[in-house]
Amino acid sequence: WQGREGAAPYSTLVPSDEVTINYRHGLPVITLTLPTRSERCRFTVKPMVTTIGAFLEDVQQEDKGIERAEVFATDGSKVSDATLMEVLLMNDFKLVINNTAYSVSPPVKDKLSSEHATEMEDIKSLVHRLFVALHLEDHQVRKERELLQKLDHLKEELLPLEQMKARIMDSADAKTSRLLWVGLALMSTQGGALAWLTWWVYSWDIMEPVTYFITYGSAMAFYAYFVLTRQDYIYPDAKDRQFLHYFYRKSKKQHFNVERYNKLKEDLAEAEESLRRLRQPLHLRLPIQEINDKD
């Protein structure tokens, strides 16, 4: 017989009982007879990390008289040495040592280790519960201390920025208010001038076209405002826009870093929210009254 992909022929096919596979402590143990030493030898492999090539090297190192060691699938195709043992042990295969082929039938791992797996899951669950019971409170206290220190540090950094921001906002608000009053004064002056020209200097027949073009010019100004800002000329929005203009211009003059201030405010809000969640009664497993006393 000759396997596919140019494999060398072998002359003897040995029954599967010569190579046995058993699972101990969750790991497969392959037992086979070394040809030169004529003795049974066990090889424990780690299926998740051990490749077929590494396993065959261990066999050859154990018996220096082995000149050829290969693995073939049941259809006769050679299995790559880079294949993990976990994949190999899923199906039957042939192990060729020198000129002897061993037919191997791995056991079904799930059936053999189901009881062991159940025990391991119970142990893991118990260890997890013990760890939570012993270390949860210490972890929460340590985390709360870290959050409180972070809050203090952020508040210290924000204090001078808050003071500078308050001064800049007062200045911007004052300038915006002055601009609004100036606009009201100009509109009042314009109305008084038109009334004086209409009743005392000229007649309505002369002033009517003037008021029309003033109204049309105002409409053009409002439309230009929309084109430039993509916003309707609404007095509260226009006031807020002008306030922001004064605020950022004043911030630039006084070297107030708006981006850094916003980042610190976001970090402060995030830390406060983390502390609030940490102090929830369900997380601390404490009565609500005790939490309120802490706060």
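Just so we're clear, the structure is a prediction, and the values are computed from it rather than from any experiment.

Thresholds applied
- Residues numbered from 1 in each chain as written.
- Predicted model: local features only at pLDDT ≥ 70, side-chain atom pairs only at ≥ 80, totals over all residues.
- Heavy atoms only, no water.
- Helix = DSSP H or I, 4+ residues; strand = E, 2+ residues; numbered from the N terminus.
- Expected span 1.5 Å × (residues − 1).
- Buried < 20%, exposed > 50% of the residue type's maximum accessible area, 1.4 Å probe, protein only.
- Phe/Tyr/Trp six-rings, centres within 6.5 Å; stacked < 30°, edge-to-face > 60°.
- Core = buried A, V, L, I, M, F, W, Y, C linked by side-chain atoms within 4.5 Å.
- Contact = heavy atoms within 4.5 Å.

Draft legend 1. Representation of helix H5 (residues 235-253) within the structure. Across its 19 residues, H5 extends 27 Å between first and last C-alpha, which sits within 8% of the 27 Å expected from 1.5 Å per residue. Taken as a whole, H5 has its buried residues at Ala-238, Phe-243, Tyr-246, Phe-247 and Ser-251.

Draft legend 2. Examining the packing of aromatic side chains more closely. Within the structure shown, the criterion is met by six aromatic pairs. Here the aromatic rings of Phe-247 and Tyr-248 are separated by 5.7 Å at their centres, their planes lie at 90°, and the arrangement is edge-to-face. Assessed through its relative accessible area of 47%, Tyr-248 is described here as partly exposed. A network of ring pairs unites the aromatic residues Phe-247, Tyr-248, Phe-256 and Tyr-261 as a single cluster.

Draft legend 3. Expanded view of the nonpolar core. Leu-32, Phe-55, Val-71, Phe-93 and Leu-95 are the most contacted members of the largest nonpolar core, which has 25 residues in total. Put simply, the parts of the chain that give this core at least two residues each are strand E2 (20-24), strand E3 (27-34), strand E4 (39-44), helix H1 (52-62), strand E5 (69-73), helix H2 (85-88), strand E6 (93-97) and strand E7 (100-104). The biggest single contributor to this core is H1, with four residues. One finds Leu-161, Tyr-261, Leu-268 and Leu-278 within the second-largest nonpolar core, a separate group that totals 19 residues.

Draft legend 4. Seen up close, the environment of Leu-34. Positionally, Leu-34 belongs in strand E3. Among residues more than four places away in sequence, those in contact with Leu-34 are Glu-39, Cys-41, Phe-43, Glu-62 and Asp-63.

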